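Read off the chains here:
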Amino acid sequence: ATVEPKKAIWVTWLIASVPTLAGNLDHITPIVTMSYLLMYAGINLSCFLLGFLKSPGFRPTFRYFHWSISLIGCVWCLGLAIIISWTMALATIVLVIILYVYNKKQKSEKDWGDVG
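Here's a quick rundown of the structure.

1. Some words on the overall build of the chain
Scanning the chain from terminus to terminus reveals 3 helices and 0 strands. Taken from the N to the C terminus, the helices and strands of the chain come in the order α-α-α. The globule rule puts the C-alpha radius of gyration for 116 residues at 13 Å, and the 18 Å found for the chain is more than 25% above it. Taking the principal axes of its C-alpha atoms as reference, the chain extends roughly 50 × 45 × 25 Å. Considering the chain as a whole, with its 116 residues, one finds that 16% of them fall into the buried category. Once local pairs closer than 6 in sequence are excluded, the contacts in the chain between residues at least 24 apart make up 60%.

Next up, the structure:
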């Protein structure tokens, strides 16, 4: 069995190509915008939780890091997503939840390596 994610490649091609071939990229920009905003919101949420809970493995190298800035960044990204288009933000959040559930149901074991 090959390890290439053929389904993911075809879905990505479909999402990128159909609006391009239709001649109007305005149909794909809200999806891309919401994906980036929610990705940055997730990263900021992770940094907030790790900083707030003082996780020993989390050592940010940014000199002026504080967990409150990460919380503000998360809220800012979510607020921007809602202001830009609350319907696309909701649709993207639902898509992320569906992908998360699908990934959990796959129950694939991953070898994340060794710390030492």
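2. Observations concerning unusual backbone geometry
In most cases, non-glycine residues show a negative phi, while peptide bonds are predominantly trans. Phi is positive for Lys 54, close to 55°, though the residue is something other than glycine. Locating Lys 54 in the fold gives a position in the loop between helix H2 (29-52) and helix H3 (67-106).

3. Considerations on the environment of Ser 55
Examined against the element boundaries, Ser 55 turns out to sit in the loop between H2 and H3. Ser 55 sits in the partly exposed class, given a relative accessible area of 25%.

4. Structural notes on the nonpolar core
With 7 residues, the main nonpolar core is built from Met 34, Leu 37, Ala 41, Cys 74, Cys 77, Ala 81 and Ala 89. Secondary structure elements with two or more residues in this core: H2 and H3. Take this core: its biggest share by element is 4 residues, from H3. Not counting chain neighbours up to four residues away, the residues in contact with Ala 81 comprise Met 34, Leu 37, Trp 86 and Ala 89.

5. Quick word on the packing of aromatic side chains
For the structure on display, the rule yields 7 aromatic pairs. Arranged with centres 5.6 Å apart and planes meeting at 25°, the rings of Phe 48 and Phe 52 form a pair that is stacked. Of this pair, Phe 48 and Phe 52 are both found in helix H2, 4 residues apart, which corresponds to roughly one turn of the helix. A residue is classified by how much of its surface remains accessible, and Phe 48, at 13% relative accessible area, is buried. Here a set of aromatic residues connected by ring pairs shows up, and it is made of Phe 48, Phe 52 and Trp 67.

The rules behind the values
Residues numbered from 1 in each chain as written. Predicted model: local features only at pLDDT ≥ 70, side-chain atom pairs only at ≥ 80, totals over all residues. Heavy atoms only, no water. Helix = DSSP H or I, 4+ residues; strand = E, 2+ residues; numbered from the N terminus. Rg over C-alpha atoms; globule rule 2.2 N^0.38 Å. Buried < 20%, exposed > 50% of the residue type's maximum accessible area, 1.4 Å probe, protein only. Contact = heavy atoms within 4.5 Å. Core = buried A, V, L, I, M, F, W, Y, C linked by side-chain atoms within 4.5 Å. Phe/Tyr/Trp six-rings, centres within 6.5 Å; stacked < 30°, edge-to-face > 60°.

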